[in-house]
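# Overview (structure and organization)
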Amino acid sequence: MSILSYLHVVLTTRLAELRRDGERGDSPVPTAVIIFGLVFVATIVTGLALSKADDWMTSIPTHENPTAPK
(Lines give C-alpha, C1' and ligand atoms only; values in the text may rest on other atoms or scores of the structure.)
Protein backbone atom coordinates (compact mmCIF):
# COMPACT_ATOMS: atom_id res chain seq x y z
CA MET A 1 0.00 0.00 0.00
CA SER A 2 1.44 3.35 -0.93
CA ILE A 3 1.85 6.06 1.68
CA LEU A 4 -0.86 8.21 0.08
CA SER A 5 -3.39 5.38 0.21
CA TYR A 6 -2.48 4.72 3.83
CA LEU A 7 -2.85 8.40 4.79
CA HIS A 8 -6.19 8.57 2.96
CA VAL A 9 -7.52 5.55 4.88
CA VAL A 10 -6.26 6.90 8.21
CA LEU A 11 -7.76 10.33 7.58
CA THR A 12 -11.16 9.06 6.47
CA THR A 13 -11.31 6.61 9.39
CA ARG A 14 -10.47 9.37 11.88
CA LEU A 15 -13.04 11.75 10.39
CA ALA A 16 -15.70 9.01 10.56
CA GLU A 17 -14.87 8.45 14.25
CA LEU A 18 -15.14 12.16 14.95
CA ARG A 19 -18.54 12.36 13.25
CA ARG A 20 -19.85 9.42 15.28
CA ASP A 21 -18.75 10.90 18.59
CA GLY A 22 -21.73 13.07 19.57
CA GLU A 23 -20.41 14.38 22.90
CA ARG A 24 -17.62 16.80 22.09
CA GLY A 25 -17.91 19.18 25.01
CA ASP A 26 -19.78 22.37 25.63
CA SER A 27 -20.29 25.10 23.08
CA PRO A 28 -17.88 28.03 23.40
CA VAL A 29 -20.78 30.51 23.59
CA PRO A 30 -21.72 29.88 27.26
CA THR A 31 -18.07 30.06 28.21
CA ALA A 32 -17.70 33.40 26.44
CA VAL A 33 -20.84 34.72 28.16
CA ILE A 34 -19.50 33.69 31.57
CA ILE A 35 -16.14 35.34 30.88
CA PHE A 36 -17.86 38.53 29.71
CA GLY A 37 -19.98 38.56 32.89
CA LEU A 38 -16.93 38.12 35.10
CA VAL A 39 -15.07 40.91 33.32
CA PHE A 40 -18.11 43.17 33.62
CA VAL A 41 -18.44 42.53 37.36
CA ALA A 42 -14.69 43.02 37.88
CA THR A 43 -14.88 46.34 36.03
CA ILE A 44 -17.75 47.52 38.23
CA VAL A 45 -15.97 46.47 41.43
CA THR A 46 -12.73 48.14 40.32
CA GLY A 47 -14.61 51.33 39.44
CA LEU A 48 -16.35 51.42 42.81
CA ALA A 49 -13.07 50.83 44.67
CA LEU A 50 -11.37 53.57 42.66
CA SER A 51 -14.24 55.97 43.36
CA LYS A 52 -14.16 55.23 47.11
CA ALA A 53 -10.37 55.63 47.23
CA ASP A 54 -10.54 58.90 45.30
CA ASP A 55 -13.22 60.27 47.63
CA TRP A 56 -11.17 59.22 50.65
CA MET A 57 -8.00 60.85 49.28
CA THR A 58 -9.77 64.13 48.46
CA SER A 59 -11.29 64.29 51.95
CA ILE A 60 -7.82 64.41 53.56
CA PRO A 61 -7.00 68.03 54.40
CA THR A 62 -3.85 69.57 52.99
CA HIS A 63 -0.88 69.81 55.27
CA GLU A 64 0.22 73.24 56.45
CA ASN A 65 3.34 73.88 58.43
CA PRO A 66 2.14 75.22 61.80
CA THR A 67 5.39 77.12 62.47
CA ALA A 68 5.56 78.92 59.15
CA PRO A 69 4.55 82.58 59.19
CA LYS A 70 1.54 83.51 57.16
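What follows concerns the overall build of the protein. Each helix and strand in the protein was counted, giving 2 helices and 0 strands. Counting only residues that meet the buried cut, the protein has 0% of its 70 residues in that class. Of the roughly 6,800 Å² of accessible surface on the protein, 69% is carried by carbon and sulfur atoms.

All chains considered together, the criterion is met by 1 salt bridge. Close ionic contact of Arg-14 with Glu-17 constitutes a salt bridge, the shortest N to O distance being 3.4 Å. In this pair, Arg-14 and Glu-17 are both assigned in helix H1 (residues 3-20), 3 residues apart and thus about one turn of the helix distant. For Arg-14, a relative accessible area of 46% corresponds to the partly exposed category.

In this structure's numbering, the residues bearing the UniProt feature "transmembrane region" (unreviewed entry) are residues 32-50. Annotated as 100% helix and 0% strand, the span residues 32-50 places its first and last C-alpha atoms 27 Å apart.

This part is about a nonpolar patch on the surface. Residues Phe-36, Phe-40, Val-41, Ile-44, Val-45 and Leu-48 make up a contiguous nonpolar surface patch of roughly 630 Å² in combined accessible area. When you line up the elements, Leu-48 lands in helix H2 (residues 28-58).

Next up on the list: H2. For H2, which comprises 31 residues, the first-to-last C-alpha distance of 45 Å matches the rise-based estimate of 45 Å (1.5 Å per residue) to within 8%. Burial analysis of H2 places just 0 of its 31 residues in the buried class, a small minority of the element.

The rules behind each value
- Residues numbered from 1 in each chain as written.
- Predicted model: local features only at pLDDT ≥ 70, side-chain atom pairs only at ≥ 80, totals over all residues.
- Heavy atoms only, no water.
- Helix = DSSP H or I, 4+ residues; strand = E, 2+ residues; numbered from the N terminus.
- Buried < 20%, exposed > 50% of the residue type's maximum accessible area, 1.4 Å probe, protein only.
- Areas by Shrake-Rupley, 256 points an atom, 1.4 Å probe, with all protein chains shown as cover.
- Salt bridge = Lys/Arg side-chain N within 4 Å of Asp/Glu carboxyl O.
- UniProt positions renumbered as here; feature names shortened; annotations may be inferred.
- Patch = residues over 30% accessible without salt bridge, like charges linked within 9 Å, V, L, I, M, F, W, Y side chains within 5 Å.
- Expected span 1.5 Å × (residues − 1).

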